[in-house]
Amino acid sequence: MRIARFTHDNEIHYGTVHGEPGRETLRYLTGDPLYVGVQELDRTVAVSEARLLAPVIPRSKIVCVGRNYAEHAQEMGNDVPTKPLLFFKPNTAVSGPGDPVTLPVWTEEVSYEAELAVVIGRMCKDVPVERVPEVVFGYTAANDLTARDAQRTDGQWARAKGFDGACPLGPWVETDLDTSALSVRSTVNGELKQDGSTGDMIFDVPTLVSYVSEAFTLLPGDVILTGTPAGVGTVDEGDRLSVQIEGIGELETVLRR
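Every value quoted in this text rests on a predicted model; they were computed, and no experiment measured them.

## Describing the UniProt feature "domain: Rv2993c-like N-terminal" (unreviewed entry) in the chain
Piece 1. Residues given the UniProt feature "domain: Rv2993c-like N-terminal" (unreviewed entry) here are residues 1-55.
Piece 2. When the span residues 1-55 is considered, its composition is 7% helix and 55% strand, and the gap between its end C-alpha atoms is 13 Å.

## Let's talk about the pairing of strand 1 (residues 2-8)
Piece 1. The buried count for strand 1 comes to 6 of 7 residues, which makes it a mostly enclosed element.
Piece 2. Judged from the 2 bridges that link them, strand 1 and strand 14 (residues 167-174) form a sheet pairing that is antiparallel. Residue pairing across strands places I3 opposite V173, the latter belonging to strand 14.
Piece 3. Across 6 bridges, strand 1 lies against strand 2 (residues 11-18) in antiparallel orientation. Across the sheet, residue T7 finds its bridge partner in strand 2, namely I12.
Piece 4. Counting the residues in the hairpin turn of strand 1 and strand 2 gives 2 residues, including D9, whose phi is positive at 55°.

## As for the sheet that holds strand 13 (residues 146-147)
Piece 1. Here 3 strands make up an open sheet; going across it, the order is 13-10-18 and the pairing antiparallel. Of all strands in the sheet, those with a lone pairing partner are strand 13 and strand 18 (234-235), marking the two edges.
Piece 2. Across 2 bridges, the pairing between strand 10 (residues 110-111) and strand 18 is antiparallel. In the strand pairing of strand 18, V110 is matched with V235.

## Considering the packing of aromatic side chains
Piece 1. Across all of its chains, the model carries 4 aromatic pairs by this definition.
Piece 2. Ring geometry for F87 against W157: centres 5.1 Å apart, planes inclined by 65°, an arrangement best described as edge-to-face. On the criterion of sequence distance, the pair formed by F87 in strand 7 (residues 85-89) and W157 in the loop between helix 3 (148-154) and helix 4 (158-162) is long-range, its members being 70 residues apart.
Piece 3. Note on F87: relative accessible area 9%, which makes it buried.
Piece 4. Residue classification places W157 among the buried positions, given a relative accessible area of 18%.
Piece 5. Judged by centre distance (6.1 Å) and plane angle (80°), the rings of W106 and F163 are edge-to-face. Of the two residues, W106 is situated in the loop between strand 9 (100-102) and strand 10 and F163 in the loop between helix 4 and strand 14; the sequence distance between them amounts to 57 residues.
Piece 6. The partly exposed category is assigned to W106, whose relative accessible area is 34%.
Piece 7. Taking NZ or CZ as reference, R43 lies 4.0 Å from the ring centre of Y28, over its face.
Piece 8. The ring of W106 carries R159 above its face, with NZ or CZ at 4.4 Å from the centroid.

Reading the values: the criteria
- Residues numbered from 1 in each chain as written.
- Predicted model: local features only at pLDDT ≥ 70, side-chain atom pairs only at ≥ 80, totals over all residues.
- Heavy atoms only, no water.
- UniProt positions renumbered as here; feature names shortened; annotations may be inferred.
- Helix = DSSP H or I, 4+ residues; strand = E, 2+ residues; numbered from the N terminus.
- Buried < 20%, exposed > 50% of the residue type's maximum accessible area, 1.4 Å probe, protein only.
- Pairing = 2+ DSSP bridges.
- Phe/Tyr/Trp six-rings, centres within 6.5 Å; stacked < 30°, edge-to-face > 60°.
- Lys NZ or Arg CZ within 6 Å of the ring centre and 35° of its normal.

Next up, the structure:
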């Protein structure tokens, strides 16, 4: 099931997504499915007549995983981690499908990172690997935008990874997905830049969710970004970025200054 968050007639709604690519329709839900479940109404609208929003705004946190693909760690000149490397993005970093992202004036070196994102569906702590499916609401696409110059000079990654708009999410949440070997791709202005698979992750999704839950209590709507494959590069004003995750769809972002 695909679940979207959208605006229509100047109001924010949730809906299930139906139909073929390019011809999808949204069936309205009674409210936020994270809290009231999936209750469909007898009301629909075409996706083309609505505006898709980030499918979730994390209530408390976005937990990101660094260097979770060996080739990406190597291209950045880093060792492959022996345990998941975690950092945060604030929820103010979230932007939605097609939203323009304003690049900060203090950076001249922003790069893209296509990632599979996990959306948590229930409050949980210390989740065993075998029970991770019970706490996952679904999955969406993410772009971990990064100010590389600030990442190098700051020591901590908060500014480099957490600026406004640095976490595009979308276009919707897919609730039923086998994450063992999904294609993860990115393009810049239509040119393929990243072409990886979640099968190449150092730590798979169940391992990551379990590990993160050992450190932090996870709440409904929290998001975990699972790392990016090799092929990252710098972008600038006017560039159009696209993240494509197999089984989910395409997330587009345009950059401006």
